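One-letter residues, chain by chain:
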Amino acid sequence: MIIEVRNLKKRFSGQKIAAVGGVSFGLQKNTTLGIVGETGSGKSTLAKLILRLIDPDEGEIGFEGRRIDRAGGGELRRFREKVQAVFQDPFLSLDPRMTISDSLKEIFLLRGKKTSLDSKVENLLKTVDLPGHFASKYPHQLSGGECQRIAIARAISAEPDLIICDEPVSSLDCLVRAQILNLLLKLQRERSMSYLFISHDLSVVRHMADEVMVMKDGLICEKGPAKDLFLSPKHPYTRNLIQSFEYPCQALGRDL
Amino acid sequence: MSDPILDIQRLSVFFFMPETRAEMPVVRDVSLSVERGSWTSIVGESGSGKTVTALSIARLAQPLRDAGEILFYEKKDSPLSVMKLGEKELLGLRGGRIAYVFQDPGSSLNPVLTVGAQIEETVRAHFPSEAKAAGQKALEFLSLVKMSDPERVHRAFPHELSGGMRQRVMIAMALISSPSLLVADEPTTALDVTIEKEIMSLLEDLRAKKSLSILFITHNLRLACGFSDEIYVMRQGSVVEKLSKRSGFSSKTDYAKKLFSASVMQGDPKSLIEV
């Protein structure tokens, strides 16, 4: 297990129901756990809790066998080096006043590495299939897909064991989306990383995940291997979700 | 035989690009038609020119210059040449005979007015004589878009409604003038799958009941295939292929095949997607 979560709870003040109301699961090394659910189901809150961007009210988070839900200082810093995040809006994830090169160098500088940074940037750009001259560009000069590649480059520059992808392709159109998903798949194979992959798009989760967890109102309503869950969903909510997404496919022609 | 409500012939639209100080064609030589009462879709990537084409129909795009012909057949045999209309005549067309629904219902509604007030404003604009009954009419249209509690929605401010409900409000407002053509530009892109299904079924239902013709803009070929009679695939400002339901949406171009493979992801899980 790379990450183990037990009975995690978070309620925001003034809210009647908990955003995350007692969630337990584990994520195996080198696999992808997909989380699906509608807006407000608590999936992004769960991501933030695991990243320790917000503190849980109750519950435990274990990372590689160590509890990190109350960790602070150096321990939290070490944890955060091992866990990175890629969010939905790549333009919001990058500093608009820093060149791509400066953005990519940050993690190395934070770790006190000052030599051969330019070649490191070049390598990172190559890894995410972007040409070297992108180093001198600013985020606004890039398209959504290119920006998301930079956000992924930043995430892998820390050589993480786990990347939390929170709707990483939701603002991209389908061809770019496919390219970004391919990139994530390729990186996972090459670098044996785990992904926690959050999306409201079932076709994306079906394609990316080994295991899938369906969330509703802050709780897990079904969890299982991706294959089984999509073929024979047990929970009525999951069935409804899958039907809404299968529906348009039924009218499809055979030739396509 | 063919009875189009909209016939676009060789439309080209140019924008001025400040960076290069030159004009750039955003839509090139696009010809497409929407059959009366049909559901026609334009599918393409971002930047393919689909939205500019959609906006050009009611001359909302405000380009540097454009060329071509846009014929709107309110009645069969007496086409209206939209490109030749003045501002005044266009006013009756926009939001009247041709209505629009856009992607982000949050930014289309006024945050400081109740939903009811905004719908009533639309009623008064289109039917000044029915101003007194505007409240009643607003409720009627809220029920038409299958709002479960029209009274509550009428009193609510936009921020008190979910994204799906806001989109229903936008559709209700679009329908007030009983338009003959509804242009829906990515109306479900910001919504969850379950809500997407509801909105799509609502549009399909209205098309059938209200003899509405729909021009639907999306980047999701899978979604378009589920509802359309005809699909125009656009790329870099041009129509590259027209797919039709009759032939099972079978495509001959590699580009349409690629778009389809990217939006359906039929391959084995965790395999690279063919694009």
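Our subject in this report is the structure included herewith.

What counts, and where the lines are drawn
- Residues numbered from 1 in each chain as written.
- Chains lettered and ligands numbered in written order.
- Predicted model: local features only at pLDDT ≥ 70, side-chain atom pairs only at ≥ 80, totals over all residues.
- Heavy atoms only, no water.
- Helix = DSSP H or I, 4+ residues; strand = E, 2+ residues; numbered from the N terminus.
- Rg over C-alpha atoms; globule rule 2.2 N^0.38 Å.
- Buried < 20%, exposed > 50% of the residue type's maximum accessible area, 1.4 Å probe, protein only.
- Contact = heavy atoms within 4.5 Å.
- Areas by Shrake-Rupley, 256 points an atom, 1.4 Å probe, with all protein chains shown as cover.
- Lys, Arg positive; Asp, Glu negative; His and termini not counted.
- Charge placed at Lys NZ, Arg CZ, Asp CG, Glu CD.
- Buried area = accessible area lost by both parts, 1.4 Å probe.
- Salt bridge = Lys/Arg side-chain N within 4 Å of Asp/Glu carboxyl O.
- Pairing = 2+ DSSP bridges.
- Axes fitted to C-alpha atoms, helices over the stretch in contact; angles between N-to-C directions.
- Polar contact = N/O pair within 3.5 Å; in protein donor to acceptor, adjacent residues only side chain to side chain.
- Phe/Tyr/Trp six-rings, centres within 6.5 Å; stacked < 30°, edge-to-face > 60°.
- Lys NZ or Arg CZ within 6 Å of the ring centre and 35° of its normal.
- Core = buried A, V, L, I, M, F, W, Y, C linked by side-chain atoms within 4.5 Å.

1. Considerations on the overall build of chain B
Okay, step 1: Scanning chain B from terminus to terminus reveals ten helices and ten strands.
Okay, step 2: Taken over the C-alpha trace, chain B has a radius of gyration of 19 Å; the compact-globule value for 275 residues is 19 Å, and the two agree within 12%.
Okay, step 3: Its C-alpha atoms give chain B principal-axis dimensions of about 55 × 50 × 45 Å.
Okay, step 4: Residues counted as buried form 53% of the 275 residues belonging to chain B.
Okay, step 5: The long-range share in chain B, meaning contacts at least 24 apart out of those at least 6 apart in sequence, stands at 65%.
Okay, step 6: On chain B, roughly 12,400 Å² of surface is accessible, and the fraction owed to carbon and sulfur atoms is 51%.
Okay, step 7: Positive and negative charge centroids in chain B, built from 34 and 34 side chains respectively, lie 1 Å apart.

2. A word on the interface of chain A and chain B
Okay, step 1: At the interface, 35 residues of chain A touch 36 residues of chain B.
Okay, step 2: Across the chain A to chain B interface the summed buried area is about 3,300 Å²; carbon plus sulfur atoms make up 62%.
Okay, step 3: At the boundary of chain A and chain B, one finds one salt bridge.
Okay, step 4: Put simply, B:Lys270 and A:Asp210 hold a salt bridge, and the shortest N to O gap is 2.8 Å.
Okay, step 5: Secondary-structure elements contributing two or more residues to the side of chain A that touches chain B are α7 (174–191), α8 (202–208) and α10 (236–246) of chain A.

3. Examining the sheet that holds strand β5 (residues 66–67) of chain A
All names here are of chain A.
Okay, step 1: Spatial ordering of the open sheet is given by β2-β1-β4-β5, a layout of four strands whose pairing is antiparallel. Each having just a single partner strand, β2 (20–27) and β5 make up the two edges of the open sheet.
Okay, step 2: Where strand β1 (residues 3–10) lies against strand β4 (residues 58–63), five bridges are found, and the strand directions are antiparallel. For lysine 9, the partnering residue across the bridge sits in β4 and is glutamate 58.

4. Some remarks on the sheet that holds strand β5 (residues 78–81) of chain B
In sheet architecture, strand pairing relies on hydrogen bonds along the backbone and comes in two forms, parallel and antiparallel.
All names here are of chain B.
Okay, step 1: Strand order in this open sheet of four strands is β2-β1-β4-β5, and the pairing throughout is antiparallel. The two strands at the open ends of the sheet, each matched to only one other strand, are β2 (22–35) and β5. Direction aside, neighbouring strands of the sheet carry axes that sit 20° apart on average.
Okay, step 2: For strand β4 (residues 65–75) and β5, the ladder comprises three bridges, and the chain directions are antiparallel. Within the sheet, the bridge partner assigned to phenylalanine 72 lies in β5 and is leucine 80.

5. Description of the side chain of B:Ser213
Residues and elements named next belong to chain B.
Okay, step 1: In this structure, serine 213 sits in strand β8 (residues 213–218).
Okay, step 2: In terms of polar contacts, serine 213 uses its side chain to reach the backbone amide nitrogen of glycine 37, at 2.8 Å.
Okay, step 3: Residues in contact with serine 213, not counting those within four places in the same chain, are Ile5, Val34, Glu35, Arg36, Gly37, Ser38, Ser180, Leu181 and Leu182.

6. With respect to the environment of A:Ile100
All names here are of chain A.
Okay, step 1: Its place among the elements puts isoleucine 100 in helix α4 (residues 100–110).
Okay, step 2: By relative accessible area, which is 0% here, isoleucine 100 ends up buried.
Okay, step 3: In this structure, the C-alpha to C-alpha distance between isoleucine 100 and arginine 67, residues 33 residues apart in sequence, is 35 Å.
Okay, step 4: Among all residues touching isoleucine 100, those that are not within four sequence positions of it are Leu125, Phe134, Ala135, Lys137, Tyr138, Pro139, Leu142 and Ile150.

7. A word on the environment of B:Tyr73
All names here are of chain B.
Okay, step 1: Its place among the elements puts tyrosine 73 in strand β4.
Okay, step 2: Separated by 152 residues in sequence, tyrosine 73 and cysteine 225 place their C-alpha atoms 26 Å apart.
Okay, step 3: Setting aside residues no more than four positions away along its own chain, tyrosine 73 makes contact with Pro4, Ile5, Asp7, Arg36 and Pro79.

8. Looking at the packing of aromatic side chains
Okay, step 1: Inspection of every chain in the model, using the stated rule, returns four aromatic pairs over all chains.
Okay, step 2: Cluster of aromatic residues (ring-pair linked, three or more members): B:Trp39, B:Phe216 and B:Phe227.
Okay, step 3: The ring of A:Phe134 has A:Lys137 lying over it, and the distance from NZ or CZ to the ring centre is 5.0 Å.
Okay, step 4: Here the basic side chain of B:Arg65 rests over the ring of B:Phe14, its NZ or CZ set 3.9 Å away from the ring centre.

9. A closer look at the nonpolar core
Okay, step 1: Of all hydrophobic cores here, the largest spans 68 residues; its most connected members are A:Leu125 and B:Ile231.
Okay, step 2: Take this core: its biggest share by element is nine residues, from α7(A).

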